[in-house]
Amino acid sequence: MKVNKAIFPAAGLGTRLLPITKSIPKEMLVLVDKPLIQYGVEECINAKINDIIIVTGRGKTAIEDYFDRSIEHEIMLKEKGKHNLLKSVNDISDRINLTYTRQKEALGLGHAILCAQNMVGEEPFAVVLSDDIIDSNVPVMKQMIDIYKNYRYSILAVQKVQDEDVSKYGIIQGKEIEKGLFKVEDLVEKPEINEAPSNLAIIGRYILMPDIFNFISKTKPGKGGEIQLTDAIKSLLSIQPVYALEFEGVRYDGGNKLDLLKAQIVYGLKNTEIRSGLIDFIKKLDFV
Ligand code: G1P
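Residues numbered from 1 in each chain as written. Predicted model: local features only at pLDDT ≥ 70, side-chain atom pairs only at ≥ 80, totals over all residues. Heavy atoms only, no water.

> Lay out helix α1 (residues 36-46) with the relevant residues and their values.
In an α-helix, one turn spans 3.6 residues, which is why side chains three or four residues apart end up on the same side. The buried count for α1 comes to 9 of 11 residues, which makes it a mostly enclosed element. Regarding α1, the residues found buried are Leu36, Ile37, Gln38, Tyr39, Gly40, Val41, Glu43, Cys44 and Ile45. (Buried < 20%, exposed > 50% of the residue type's maximum accessible area, 1.4 Å probe, protein only. Helix = DSSP H or I, 4+ residues; strand = E, 2+ residues; numbered from the N terminus.)

> Help me get a handle on the layout of surface pockets, residues and values and all.
In this structure, the largest pocket occupies an estimated 1,300 Å³ of space. Around the largest pocket sit 47 residues that line it, and Arg16, Lys26, Leu129, Asp131 and Lys190 are the ones nearest its centre. For the lining of the largest pocket, the secondary structure elements donating two or more residues are α5 (109-114), β8 (154-160), β11 (200-208), α9 (229-236), β13 (250-253) and α10 (257-269). If you tally residues by element for the lining of the largest pocket, the top one is β11, at 4 residues. Gln38, Tyr66, Ser88, Val89 and Asn90 are, among the 18 residues lining the second largest pocket, the residues nearest its centre. For the lining of the second largest pocket, the elements supplying multiple residues, two or more each, are α1, α2 (61-67) and α4 (83-94). With 7 residues, the top contributor of residues to the lining of the second largest pocket is α4. (1 Å grid on protein atoms, 1.4 Å probe; cavity = no way out; pocket = protein on both sides within 12 Å on 5 of 7 lines; lining within 4 Å. Points joined across faces, edges and corners; volume = space filled by probe spheres on them.)

> Explain the side chain of Gln103 to me, using residue names and the numbers behind them.
Its place among the elements puts Gln103 in the loop between β5 (97-102) and α5. Residue classification places Gln103 among the buried residues on the basis of a relative accessible area of 7%. A distance of 3.3 Å separates a polar atom in the side chain of Gln103 from the backbone oxygen of Gly108. (Polar contact = N/O pair within 3.5 Å; in protein donor to acceptor, adjacent residues only side chain to side chain.)

> I'd like a description of the side chain of Thr21, backed by residues and values.
By secondary structure assignment, the location of Thr21 is in the loop between β1 (5-9) and β2 (30-31). A distance of 2.8 Å separates a polar side-chain atom of Thr21 from the backbone oxygen of Gly14. Within the local environment of Thr21, its side chain forms a polar contact with the backbone oxygen of Leu17, the two atoms lying 3.4 Å apart. If we skip the residues at most four places from it in the chain, Thr21 touches Leu13, Gly14 and Lys26. (Contact = heavy atoms within 4.5 Å.)

> Now, about the site of the ligand: what can you tell me, with residues and values included?
Neighbouring residues of the ligand: 13 residues in total, closest Asp132, Gly170, Glu189, Lys190 and Ile202. At a separation of 2.9 Å, an oxygen atom of the ligand approaches a polar backbone atom of Gly170. In the model, an oxygen atom of the ligand is placed 3.2 Å from a nitrogen or oxygen of the Thr230 side chain. Here the ligand loses 75% of its free accessible area of 380 Å² to cover by the protein chains. The element best represented in the shell around the ligand is β11, accounting for 3 residues. Here the shell around the ligand is built from residues that sort into 5 nonpolar, 4 polar and 4 charged. (Near = heavy atom within 4 Å. Areas by Shrake-Rupley, 256 points an atom, 1.4 Å probe, with all protein chains shown as cover. Nonpolar A, V, L, I, M, F, W, Y, C, P; charged D, E, K, R; others polar.)

> How would you explain the pairing of β1 if you had to name every residue and give the values?
Most of β1 is tucked away: 5 of the 5 residues are buried. Here β1 runs beside strand β6 (residues 125-128); their pairing, made up of 3 bridges, is parallel. What sits directly across from Lys5, in β6, is Phe125. (Pairing = 2+ DSSP bridges.)

> Go over the packing of aromatic side chains, please, and point to the residues and values.
All chains considered together, the criterion is met by 4 aromatic pairs. Lying over the aromatic face of Tyr39, Lys34 brings its terminal NZ or CZ to 4.9 Å of the ring centre. A cation over a ring is seen here: Lys218 above Phe215, with NZ or CZ 5.8 Å from the ring centre. (Phe/Tyr/Trp six-rings, centres within 6.5 Å; stacked < 30°, edge-to-face > 60°. Lys NZ or Arg CZ within 6 Å of the ring centre and 35° of its normal.)

> Quick one: what's the story with the environment of Asp135, residue by residue and with numbers?
For Asp135, the position within the fold is in strand β7 (residues 132-135). Take Asp135: its relative accessible area is 16%, and that puts it in the buried class. Sequence separation between Asp135 and Tyr252 is 117 residues; the distance between their C-alpha atoms is 8.1 Å. When neighbours within four sequence positions are excluded, Asp135 is seen to be in contact with Gly249, Val250, Tyr252, Val266, Tyr267 and Lys270.

Here it is as structure tokens:
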């Protein structure tokens, strides 16, 4: 069955980016000229996934406002004849079907996904964590859908990480069945390095079979007292295969200040409007 829907968990508190996240959801932090969440949404559109389900929480209304019409801007841009800008303002919302649901308590990623169960139904679906920014030639969700078309079971995006970073991620153990594609044998959420089965970390892109909901609903709180998606996927392994794709691309952690700044520079250099100005500026930074 084709993947038509994507869940965007967006109820997190953005603690690592305080104080800005006191009033601005981390999904709305700017990367050059668009909010982080839009890059994930564009990745889905590219993979022909147009039904977007955003799981929000308190203090996240800026996300809904962003994807809504902005009549004041539209009137002003029409009057001034700024048609290109007008198109950029409406383009993204015109290309997707958006629905929202609320996660009333921050009980973990697994719980956030479960909040969207009724909206997904009995279909395979994607999950996008929009603070994982991935710069790649082929958008990562498209890379995953291409694999899904052959294997028809859950696919996790993974990437090798340094030893000192394994305790920040869900880690898989797997058998490589074709170049960069692993059949998952085990998963552990944020293990200590001496307990980690490998260095292959789950990055925030998933394609999941709807059977996962049943397993999430039976998952007890795990690491950090939260209902972990990783634990539910481990249980899913008891009834069906799960695959992990070591994707092509560079990933920036949008929840990390240094990574967010690196992404600004890389995406800025790719933006034709500001590229040369940014290069001039960097060249003059000879005091560094
Ligand atoms: C979540 C998942 C983790 C995954 C990570 C990717 O953790 O629980 O398995 O590796 O996203 O970014 P979080 O970063 O929300 O703590």
